[in-house]
Amino acid sequence: MYQERDQRPGGAPAGEGKARTMNRFQVKKVAVLGAGVMGAQIAAHLVNVKVPVVLFDLPAKEGPKNGIVTKAVEGLKKLKPSPLGVAEDAALIQPANYEEHLALLGECDLVIEAIAERMDWKLDLYKKIAPHVAKHAIVASNTSGLSITKLSEALPESIKPRFCGIHFFNPPRYMYLVELIATPTTKPEILDDLETFVTSGLGKGVVRAKDTPNFIANRVGIAGMLATMREVEKFGLTYDVVDDLTGKKLGRASSGTFRTADVVGLDTMAHVIKTLQDTLSAETDPFYASFGTPPVLSKLLEKGFLGQKAKAGFFKKVGRDILRFELESEEYVPAGQKADEVYGRMLKKPAGERLKLLRNSTGPQGQFLWSILRNSFHYAAVHLATIADTARDVDQAMRWGFGMKQGPFELWQEAGWLQVAKWIQEDIDAGKALSKAPLPKWVFEGPVAEAGGVHTEQGSFNPTTGQFQPRRVLPVYERQLFPELLRGEGGPRFETAGTTLHEDKNIRLWTLDNEVLIASLKTKMHTISPEVCEGLQQAVEMAEKDFQGMVVWSGDEPFSAGADLESTLPAFIAVGVAAIEDAEGFMQQTMLRLRYASVPVVSAIRGLALGGGCELALYSAKRVVAMESYIGLVEVGVGLVPGAGGLTYIARRAAENSATSTDKDLLKFVTEGFTAAAMAKVGTSAIESRKLGYLLDSDIIVPNKDELLYVAIQQAKALYDSGYRAPLKRLFPVAGRNAKATIQGQLVNLRDGGFASAHDFHIASLIANVVTGGDVDANTLVTEEYLMTLERRAFCELVQHPKTQERILGMLSTGKPVRN
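Residues numbered from 1 in each chain as written. Predicted model: local features only at pLDDT ≥ 70, side-chain atom pairs only at ≥ 80, totals over all residues. Heavy atoms only, no water.

Some points on the overall build of the chain
Rules: A run of H or I in DSSP becomes a helix once it reaches four residues, and a run of E becomes a strand once it reaches two; helices and strands are each numbered from the N terminus. A radius of gyration in this sense is built from C-alpha atoms; the matching globule rule multiplies 2.2 Å by the number of residues raised to 0.38. Only protein chains enter the accessibility calculation, which uses a 1.4 Å probe. A residue is then buried if its area is under 20% of the maximum for its type, exposed if over 50%, and partly exposed in between. Contact criterion: two residues are considered in contact whenever any of their non-hydrogen atoms come within 4.5 Å of each other. Computed by Shrake-Rupley with a 1.4 Å probe, the accessible areas treat only the displayed protein chains as cover when residues are assessed. Here the positive residues are Lys and Arg and the negative ones are Asp and Glu; neither His nor the chain ends is included. By convention, the point assigned to a charge is CZ for Arg, NZ for Lys, CD for Glu and CG for Asp.
Of regular secondary structure, the chain possesses 29 helices and 23 strands. On C-alpha atoms alone, the chain measures out to a radius of gyration of 28 Å, which is about the 28 Å that the 2.2 N^0.38 rule sets for 820 residues. The principal-axis extents of the C-alpha atoms in the chain amount to approximately 85 × 65 × 60 Å. The burial tally for the chain puts 57% of its 820 residues in the buried class. Expressed as a percentage of contacts within the chain between residues at least 6 apart in sequence, the contacts between residues at least 24 apart total 69%. Here the chain displays about 34,100 Å² of accessible surface, and carbon together with sulfur accounts for 53% of that area. Positive and negative side-chain charges of the chain, numbering 94 and 96 respectively, have mean locations separated by a distance of 1 Å.

Rendered as C-alpha cells:
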C-alpha cells in the first residue's frame, strides 16, 4: 500500500509545492501460518479490509489435504461476534498446506506465523518456510509472550533483518491494539513499514513493546487480573459483585474482570500466566509471588470449564439465568449480585476525591477498589523502564488491549501525581501492597514530579532517557488529523481546532483549510433536533458560498443515534401532532437540502448511524465509513416508520437499480429495502451495511477510525475537482398498489402465524404503502416530495397510537425496546 504525505502533523494543511514522499512497501498478499483460533481470525480480518490472504496449516491425515484449513474457515461463519464483515467473504481466504503449497509464500509480502505457543514448533516451521519466503517479505510471529529474539535465531541471516513480533489481541477484528516487537537484528525501516500497514491497512493502534515476557498489555493486564483475584480472596467478594465494580463504573470494559477472563478463555489466560511463571523470577520481578495460578482457576481448568467457548467458566448461562462458580462447593449458584450503591457514587467523583474516598473507606468493596488501583499504579511504575519506551506505550496498550477508559498512569496523574504516589508508598511501607519494592526515584524527583505526571505537552516520560518523548513521526500518522490523545498529552483537539465559523450548543461549523467546511453535531449521541437541522441548512449555505465541499463529522462516536424524540415530546404534548408534522417536514427539507447542495456533502461515519442518522448519511453525496460502523433504519423499534426520507430513499434506489437491470420488476428491488426497514435490520459492519443497501459501491470504507476525517476531506475535494454537480431532480417510477398487495399478503401470513404482533403488522403495512408509492398504478412516476408526504403522514399517525407511545416511553426510560 502507498502512503502519501498530504497533511502535516496536527491537522495543519501542507504548504503549496511541498515535496511528496511515499512509503514504497506494498502489501499485495499476506500468508498466515496456522489456522487455529487466532490465525483464522487474522485471515478473516485481512479479507475484511480487502487484502488477499493464504491461510496455511498442516496437511490433513484423512480426506483433502486442505481439510484443516477449510474446516477452520467454515467455523469463522459461526463465531459470534463475527470475525467477518459478511459471512460469504470466508470464500476469499485461500486454503493451503505446508506439504503442497509452500511455493505460494513467494507471492506474499507479509508472512504472519500464528501457530500454537510452542517455541520448538515455531522454530521447526521457520526452518521449513525459510527457503520459500520472498526476498522482500516481512516475517512476523504472532505470539502473546515468547521471546522474539529467541525465535529469530532459527532464521537464516537473510531473513533476520525482516523478522519481528506482531501481537494481535483476540478477537483481531474488534480489538484495536497490535503490539510490534523488534529483535536486535530487525531493521528499523521494517518496523516502520509494518506499522504503516497495520495502522492504515488493518485499522489498528500500534504500540511498540520491548522483547520482555508477555510484552506490555498482557504483562500489566494479566498481572492486574492476578492481583485482583488475590484481593477478591482477601476481601471475600463474589465474582458478580467484582465484575460490577470493575466494569464500566471503574472506566473499564463492561465485562469486568471474571467475565473478561471467560471471554478470553481460561486456558489462554493460564498460558499467559505460565509464561510469567516460567520466564520471570523473584529476582527479575518483585511481584513474582503474586503470579501463582489462583486455586479457582486451577479448579475450573481441571473440570474443563474454559470460559465462554466451553459454555462454562467463572460464569455459566442456563436458559435465561446466569450462574457463578463457587469454589467451596465446586457448583454453580445463582449470580446477579450488585455492588453497594455508595461505591458507584464514589466512582463518579473527580479522580482525586474518588481515590481518597476509596482509600479511606472501611467497607470491603471500597478497600478492594483502592487495593487494585494501587496495585496497578505500583506495578506499572516499577516495570515501566523494562517493558516500554514511554508511559504512553503502557497507557495506550491498556486502553486498546483491555478496554480501559484510562491507562494506569493517566488516572494516577489526573488524581494528583505526588499525593497518590505518597499514598502508594505509605501502603508499601506498611506491608499492604503486593510487593515491598519501592516506587522508582523518578516518581518523586525530577521532571515527572515537577510536571505533575508522565504525560505533558512535550511528550510522555521515557524513564531510560529521563525526558519527555514526543510521539513517533511516520507519514501514516499525518492521516490522523485528531488522534486519540492521553490525558495530559499535547496535541490537536477537534473541539477547538481550526477556524470556527458558527457554534452553538447543538452544532459547530468550522474549517481546517478554508476549502472544506466541517459540520460537527454536539447534541447527546449526536441526535438530530430541529436546531441541528437549522445548523445543517446553515452549513450548506455557507459551503455553497465559500467552500469546495462539506463534511459531516462529529469527532467521536456515534455518527448519530437518530432523531431527538425526547426534545419533540413537550411540543407534541402542548400543541399536538401538528408539532411533530412540522418537525418531520423540516427534517425532510434538510435532507433534500443536503442532497441537492451545489457542493458535495460527505458524511464521515463511525459507530452508530441509526434512524435519522442513517437518513442523514443516505442524503449525502458520498459516505466515508469506518469499518466498525452500524447503519440502519430502526424506527420500528419505537413503533414508528422512518420519517426523514428513509423510505423515500428505498423507493428511489429501487427505481435506479431497476433502471440499470434487465429485470424491470420493481417489486424485487423494493422488497430488499422494505425488509431491511420493516425488520429494523442494522448492518453489523460497514461491509454488511453496503449489502443492505445503506452504502453504495462508490462509498469508501476506512479501516482506521482516526483516518476518517482526512479521507472524507480528500473525497470532498476530489468530487469538487472533478466538476461535481448535484443530481438533477427527476420523476421516478414506483411499484404501485399491486406490489403493496403482494407485500401485504406476506405480512398477513406473518401476523396470523404468530410471527408479528398486530401493531408490528400495522407498522409494516404503512412502510409497504410508502415504498410502493401508495394507491397508484405500477410504474407511476412520482417525486421525492410526494413520497415524503406519505412518510410524514404514516409517522404522524403512529405517534398518536397508544402502543407506539408505550414503545417510545419505554425506550426513553429503560433504553430497551418494548414489544407490544
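Considerations on the packing of helix H26 (residues 736-752) against helix H27 (residues 758-771)
How two helices sit against one another is set out by the angle between their axes and by the gap between those axes. The test is simple: To get an axis, fit a line to the C-alpha atoms, keeping to the stretch in contact for a helix; angles then go from 0 to 180 degrees between the N-to-C directions. Every angle not falling under 35 degrees, over 145, or within 65 to 115 is termed oblique; those three ranges are roughly parallel, roughly antiparallel and roughly perpendicular. Left-handed describes a crossing whose near helix is turned anticlockwise from the far helix through less than a right angle; right-handed describes the clockwise counterpart. Basically, the charged four are Asp, Glu, Lys and Arg, the nonpolar ten are Ala, Val, Leu, Ile, Met, Phe, Trp, Tyr, Cys and Pro, and anything else, Gly included, counts as polar.
One can describe the packing of H26 onto H27 by two numbers: an axis separation of 10 Å at closest approach and a directional angle of 170°. Judged by the inter-axis angle, H26 sits roughly antiparallel to H27. Between H26 and H27 the crossing geometry is right-handed. Residues Lys740, Ile743, Gln744, Leu747, Val748 and Arg751 of H26 pack against Phe761, Ala764, Ser765, Ala768 and Asn769 of H27. Among the residues making up the contact of H26 with H27, the classes are represented as six nonpolar, three polar and two charged.

Observations regarding H26
Here is the rule: Working rule for helices: expected span equals 1.5 Å times residues minus one. By definition, the arc is the one covered by directions from the helix axis to the C-beta atoms.
For H26, built from 17 residues, the straight-helix expectation of 24 Å at 1.5 Å per residue is met to within 8% by its first-to-last C-alpha distance of 25 Å. Looking at H26, one finds that the buried residues are Gly736, Ala739, Ile743 and Leu747. Looking down the long axis of H26, one finds its buried residues gathered within 75° of arc, a one-sided arrangement. For H26, the exposed residues lying more than 90 degrees away from the buried face are Asn738, Asn749 and Asp752. Next to the buried residues of H26 lie helix H23 (666-678) and H27. Looking one or two residues beyond H26, the residue adopting positive phi is Gly754, at roughly 80°.

So, the sheet that holds strand E17 (residues 516-521)
Keep this limit in mind: Two strands are counted as paired when DSSP detects at least two bridges linking them.
Strand order in this open sheet of seven strands is E15-E16-E17-E18-E19-E20-E21, and the pairing throughout is mixed. Bordering the open sheet on either side are strand E15 (499-503) and strand E21 (700-702), each of which pairs with just one other strand. Averaged over all adjacent pairs, the angle separating strand axes in this sheet is 25°, with direction ignored. Of the strand pairs in this sheet, strand E16 (residues 507-511) and E17 are connected by five bridges, and their pairing is antiparallel. Note that in E17 the partner of Ile507 across the bridge is Leu521. Together, E16, E17, strand E18 (549-552), strand E19 (601-610), strand E20 (622-632) and E21 form the strand contacts of helix H25 (residues 708-721), whose direction differs from that of E20 by roughly 145°.

Brief notes about unusual backbone geometry
Residue Pro171 is bonded to the preceding Asn170 through a cis peptide linkage, with omega at 0°. Omega for the peptide link from Glu557 to Pro558 comes to -5°, which places this bond in the cis form. Notably, Asn514 is not glycine yet its phi reads approximately 60°, a positive angle. Along the chain, Asn514 turns up in the loop between E16 and E17. The class for Asn514 is exposed, based on a relative accessible area of 58%.

Here's the deal with the sheet that holds strand E2 (residues 53-57)
Pairing is mixed across the open sheet formed by eight strands, whose spatial order is E3-E2-E1-E4-E5-E6-E7-E8. Looking at which strands have only one partner, the edges of the open sheet turn out to be strand E3 (93-97) and strand E8 (205-209). Geometrically, the sheet is characterised by an average inter-axis angle of 25° between neighbouring strands, direction not taken into account.

Some details on the pairing of strand E4 (residues 110-113)
In plain terms, the rule: When the strands point away from the viewer, a crossover counts as right-handed if the path from the first strand over the helix to the second runs clockwise.
Neither face of E4 is open: one carries Leu110 and Ile112, the other Val111 and Glu113, and all of them are buried. Where strand E1 (residues 30-33) and E4 come together, four bridges link them in parallel fashion. What sits directly across from Leu33, in E4, is Glu113. Bridge count between E4 and strand E5 (residues 138-141): four bridges; the pairing is parallel. Paired with Glu113 across the bridge in E5 is Ser141. Between E4 and its parallel partner E5, the chain crosses via helix H3 (residues 119-129), and the hand of that crossover is right-handed.

Considering the nonpolar core
We apply this condition: Nonpolar cores were defined as sets of buried Ala, Val, Leu, Ile, Met, Phe, Trp, Tyr and Cys residues, with membership established by side-chain atoms within 4.5 Å.
Phe56, Phe314, Phe368, Leu369, Phe409, Trp412 and Trp442 are the most contacted members of the largest nonpolar core, which totals 111 residues. At eleven residues, helix H13 (residues 364-387) tops the list of elements feeding residues into this core. In terms of nonpolar packing, the next biggest core, distinct from the first, is built from 83 residues, Ile580, Cys614, Ala678 and Leu787 among them.

Quick word on the packing of helix H12 (residues 351-360) against helix H15 (residues 408-429)
Look at H12 against H15: their axes get within 8 Å of each other, and the N-to-C directions meet at 25°. Compared by their axis directions, H12 and H15 come out roughly parallel. Contact residues: Ala351, Gly352, Arg354, Leu355, Lys356 and Arg359 in H12; Leu411, Glu414, Ala415, Val420, Trp423, Glu426 and Asp427 in H15. A per-class count over the contact of H12 with H15 returns six nonpolar, one polar and six charged.

Some points on the confidence of the model for the chain
The predicted coordinates of low-pLDDT regions are not to be read in fine detail. Operational definition: Residue-level confidence of the predictor is summarised by pLDDT, bounded by 0 at the bottom and 100 at the top.
Within the chain, residue pLDDT values average 93, and 97% of them lie at 70 or more. Across residues 1-22 the pLDDT falls below 50, and counting only partners more than four positions away or on other chains, this stretch makes 49 contacts in the model.

Quick word on the packing of aromatic side chains
Put simply, the rule reads: Each pair of aromatic rings taken from Phe, Tyr and Trp, with Trp reduced to its six-membered ring, is defined by centres within 6.5 Å and is described as stacked if the planes are under 30 degrees apart, edge-to-face if over 60, and tilted in the remaining cases. Any Lys NZ or Arg CZ found within 6 Å of a ring centre and within 35 degrees of that ring's normal is scored as a charge over the ring.
Under the definition given, this model contains 25 aromatic pairs. Residues Phe287 and Tyr379 carry aromatic rings whose centres are separated by 4.8 Å and whose planes lie at 65° to one another, so their mutual orientation is edge-to-face. On the criterion of sequence distance, the pair formed by Phe287 in the loop between helix H9 (266-279) and helix H10 (295-302) and Tyr379 in helix H13 is long-range, its members being 92 residues apart. Just as Phe287 is buried, Tyr379 falls in that class too. For the cation-ring pair, Lys705 lies above Tyr176, with the distance from its terminal atom to the ring centre recorded as 4.6 Å. Sitting above the plane of the Tyr596 ring, Lys729 keeps its charged end 5.0 Å from the centroid.

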